[in-house]
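Each chain is listed here by its residues.
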Amino acid sequence: MQGLAPLLAVGLVDVIWMVVSLLAMFTGLSIVVLSLVWLERKALGRLQLRLGPTRTGLFGLLQPVADAIKLILKEDIIPNSSDRAIFWVAPVIVALSAFMIWVTIPATEGLVLRNLELGLFYITAFAVIGILGLVLAGWGSANKYGVLGGLRSAAQLISYEIPVIMVVVAVGMLAKSLDLRVIVAAQEQIPYVALLPLGMVVFFIAGLAEVGRTPFDIYHAESEVVGGPFVEYSGAHWSVFFLAEYINTFAIAALVVLLFLGGWSWPFDAAALAWLPSLPDIAWVGGLLSVIWFLLKVYAVIFVVFWIRGTFPRLRIDQLMAFAWKAMVPLSFYAIVITGVYLFYDWPAWTLTVMSLTGLVVVGYIVYRKMMEPARRIAEIKARQAAQVAERRASRQAS
Amino acid sequence: MAEIPTNLTANPPVNAEPVEMLLNMGPQHPSTHGVFRMVLWVDGEKIVDVEPHIGYLHRGSEKLCEGEQYHQVITLFDRLDYVANFNNELVYCQAVEKLMGLEVPERAEYVRVILCELNRIASHLLYVGTIGLDAGAMTPTMFAFRGRERIQSVFEAVSGARMMHNYFRIGGIKEDLPDNFEQLIAELLPLLREDVEESDRILTFNEIFLTRLKDVGTISAEEAIDFGFTGPCLRGCGIEYDVRKAQPYSIYDRFDFDIPIGLDGDCWDRHWVRVREMYESLKIIEQALEQMPGGEVVSSLGRRLIRPPAGEVYMRAENPRGEIGVHLISNGTDRPYRLKVRPPSFCNLSAIRRLLTDSWIADSVVILGSLDIVLGEVDR
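Nothing here was measured: the structure is a model prediction, and the numbers come from that model.

Enquirer: Explain the packing of helix H5 (residues 119–140) of chain A against helix H6 (residues 144–175) of chain A here, please?
Expert: For any two helices packed against each other, one specifies the inter-axial angle together with the distance between the axes. Residue and element names in this part refer to chain A. Look at H5 against H6: their axes get within 7 Å of each other, and the N-to-C directions meet at 170°. In terms of orientation, H5 lies roughly antiparallel with respect to H6. Across the interface between the two elements, Leu120, Thr124, Ala127, Val128, Ile131, Leu134, Val135, Gly138 and Trp139 of H5 pack against Gly146, Val147, Gly150, Ser153, Ala154, Leu157, Ile158, Glu161, Ile165 and Val168 of H6. Its residues assigned to classes, the contact of H5 with H6 shows 13 nonpolar, five polar and one charged.

This is the structure:
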């Protein structure tokens, strides 16, 4: 009982405050997911010569609400052969890890549920738990496509976890902290994308793989494993996975903004904005503006994610793993090394930019030419096709 | 209650000794292009062996033909390769015409060629869309379907139906083209060329698409011939064989067009051949529109009850999917005695075991997509 005493000493107000704030986070994130669903459908529609949703509400804004209601009202089918306990708990694990990440992601200086000094460590730690949920979902649904998808997700997510963590370490070294608020404050002058463009590219690509977005949507590939771990899920269970997927996408975009794009900090300092009519000097106005600025940045990053989805085909599992281990992991280690060198010798900031860009260009070039080979391939194919055409023309003239 | 058999097949494959997992793909898998079923023996993500199962769409079309009058059979041919209806109607009508020695009016021949080539483009556009889906890209489908929709609305104006047109007749076509056909096609062609170019640009040389398809599902020219490959699948192997050139039927000898051929016989080459064929079809349509004469569209014999003389005939034609053959035996009555179809999809599909063995699960989808099968034709 002695050990429990500090826990019991937590006041009633604290408990109520915790519950209320968690509920607020849940509601806020749900609204964000609704907006993301709408944005994705609309953006994809426009990319694909369609209109996207138009019928439900203004510009189809109520479409995600209609989707959600439909999903919740649908019958929740649990296959007879499934392992019921695992089948039930898997979506909970996935959603839990997705929501827990957000406990420590700040939307602005003051707007964070519980700021942790080891915030980034906490985030990467909880991101891994989601994998367990996916594997369990595949296994518990007693479906071979589910098993395949679950194992694919384990392989994929664990491989891409490494570059993500390594880049996070590099950023932590630059800011000398894992506290996200400190990291944003350190980018007041120059966002880290200018210092470490390599880091941002690696983090963004690996992040796409982390949340299973095109071109890395291998573990739930519709045309191959028919939804993978989610194949047997329906109704509310499935919508929990869906929710978690979008929250994760949002989290990756938010992390890109926080770690590399300066979070909620404006590109201009106060002096440059002096000509503007001065805002009423109320604390929450400035806070609200910075939240809006932060959200704008996040949605811009998310739009890129959707844009990529509307453009690219999907990689194969072996190409995906090769890309992770041959390109992403070395690049992320390189990011740590150059950051260390830069910090140790205390060189000027531009040296880090140069080293980072060099790594990006050199490794990018090697990847493009040697591993994926499409550039060489395209040239080679075009040359051979030209030779073939010439040969056929010659033989036709001869005959 | 009868015990459910645990082994899905009577003869397990010989080279699948340590059977890791048996994966049933289809008939309701989203990328088996209809109701095709494959039983895959997989070792992790690698396919050890595959057993294809067809017949889920079997309607007994060949037998049904024996009970129908010659004109009524056309509707059955519409339903074989339901993506290329006009091409199917053409080969059947030509088989009967050959048996009867019937002369087809010039104008009818030109109309047939124009519609068939439009249908070839529509079919290949559908292929571009589905291979995009198989490789995981959603957008090419929408791009390709725009062009396909445009073609289909012209078909609707001509025949009254977007699919299953029932427009060709033995000895010609049902009725003359609508009055505004020239305007329709003049509007269609530039847009269609744009659509074809766009669906070419969005996929063909895309890096990820190329890495997914190049050196996947490779088959040598000799093997392809042994399997009875025809159409883009055979030409992808670098063999210049197109019935329109090798044994010109209808009026195809009057047009100037090329036969695109591939380099290595892999999925990407098959894709490339199909994309290039769309440009060639556009060329043929433009030439045919220039040369098209006026006049009758159906010979007077074709308007009567068809009673070909007893005998048999074999007619082949180039469908979007390959060479379609019709073997027709007549005993002098108003119904065919026997009608055998050689469907290109069926012969191309026969290599599925050879192509899928030792490939990845993800590749199986792409390979099947690159064969571009239509189950209505495979099962008949």
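Enquirer: I'm lost on the pattern of salt bridges in this one. Help?
Expert: A side chain with one charge can pair with a side chain of the opposite charge if their charged atoms come near. All names here are of chain B. A full pass over the atoms with the stated rule returns 43 salt bridges over all chains. Between arginine 354 and glutamate 223 there is a salt bridge, with its nearest N and O atoms 2.5 Å apart. In this pair, arginine 354 sits in helix H13 (residues 352–356) while glutamate 223 sits in helix H8 (residues 221–226), placing the two residues 131 residues apart along the sequence. Residue classification places glutamate 223 among the partly exposed residues on the basis of a relative accessible area of 27%. Across the pair arginine 244 and aspartate 242 runs a salt bridge whose closest N-O atoms are separated by 2.9 Å. Accessibility classification places arginine 244 together with aspartate 242 in one group, the buried group. Salt bridges linked by common partners bring Glu117, Arg120, Arg235, Asp242, Arg244, Glu277 and Glu318 together as one network.

Enquirer: Sorry if this is basic, but what is going on with the sheet that holds strand E6 (residues 311–319) of chain B here?
Expert: Across a sheet, strands are paired by hydrogen bonds formed along the backbone, either parallel or antiparallel in direction. Residues and elements named next belong to chain B. Overall, antiparallel pairing links the three strands, which are arranged E6-E7-E8 in an open sheet. Each edge of the open sheet carries a strand with a single partner, namely E6 and strand E8 (338–342). Taken over all neighbouring pairs, the strand axes of this sheet differ in orientation by 15° on average, direction set aside. Along the sheet, helix H3 (residues 85–100) makes contact with E6, strand E7 (322–330) and E8, crossing E6 at roughly 150°.

Enquirer: Sorry if this is basic, but what is going on with the interface of chain A and chain B here?
Expert: Often the size quoted for an interface is simply the accessible area lost on bringing the parts together. Taken together, the 38 residues of chain A in the interface contact 48 residues of chain B. A combined buried area of about 3900 Å² lies between chain A and chain B, and 59% of that area is made up of carbon and sulfur atoms. Applying the counting rule to chain A against chain B returns six salt bridges. With a closest N to O distance of 3.2 Å, Glu240(B) and Arg392(A) form a salt bridge. Scanning the region where chain A abuts chain B turns up 16 residue pairs in polar contact (both at pLDDT 80 or more). Within the residue set of the side of chain A that touches chain B, elements represented by two or more residues are helix H2 (12–47), H6, helix H12 (317–345) and helix H14 (374–398) of chain A. With ten residues, H14(A) is the largest single contributor of residues to the side of chain A that touches chain B.

Enquirer: Could you clarify how one ought to interpret the domain arrangement of chain A in this entry?
Expert: Residues and elements named next belong to chain A. Domain annotation of chain A identifies domain 1 (10–73) and domain 2 (77–267 + 283–372). For domain 1 and domain 2, the distance between their C-alpha centroids amounts to 21 Å. Between domain 1 and domain 2, the residue contacts involve 17 residues of the former and 22 residues of the latter. For the domain 1 and domain 2 pair, buried surface summed over both sides reaches about 1900 Å², with 82% attributable to carbon and sulfur atoms. On the domain 1 side of the contact with domain 2, Leu36, Glu40 and Leu71 bury the most area, a combined 30% of that side's loss. At the junction of domain 1 with domain 2, the criterion picks out two salt bridges. One salt bridge connects glutamate 40 with arginine 213, and the closest N-O pair in it is separated by 2.9 Å. For the pair domain 1 and domain 2, the interface holds four residue pairs in polar contact (both at pLDDT 80 or more). By residue number, the principal contributor to the side of domain 1 that touches domain 2 is H2, which donates 16 residues.

Cut-offs used in this document
- Residues numbered from 1 in each chain as written.
- Chains lettered and ligands numbered in written order.
- Predicted model: local features only at pLDDT ≥ 70, side-chain atom pairs only at ≥ 80, totals over all residues.
- Heavy atoms only, no water.
- Axes fitted to C-alpha atoms, helices over the stretch in contact; angles between N-to-C directions.
- Helix = DSSP H or I, 4+ residues; strand = E, 2+ residues; numbered from the N terminus.
- Parallel < 35°, antiparallel > 145°, perpendicular 65-115°, else oblique.
- Contact = heavy atoms within 4.5 Å.
- Nonpolar A, V, L, I, M, F, W, Y, C, P; charged D, E, K, R; others polar.
- Salt bridge = Lys/Arg side-chain N within 4 Å of Asp/Glu carboxyl O.
- Buried < 20%, exposed > 50% of the residue type's maximum accessible area, 1.4 Å probe, protein only.
- Pairing = 2+ DSSP bridges.
- Buried area = accessible area lost by both parts, 1.4 Å probe.
- Polar contact = N/O pair within 3.5 Å; in protein donor to acceptor, adjacent residues only side chain to side chain.
- Domains from an automatic or database assignment.

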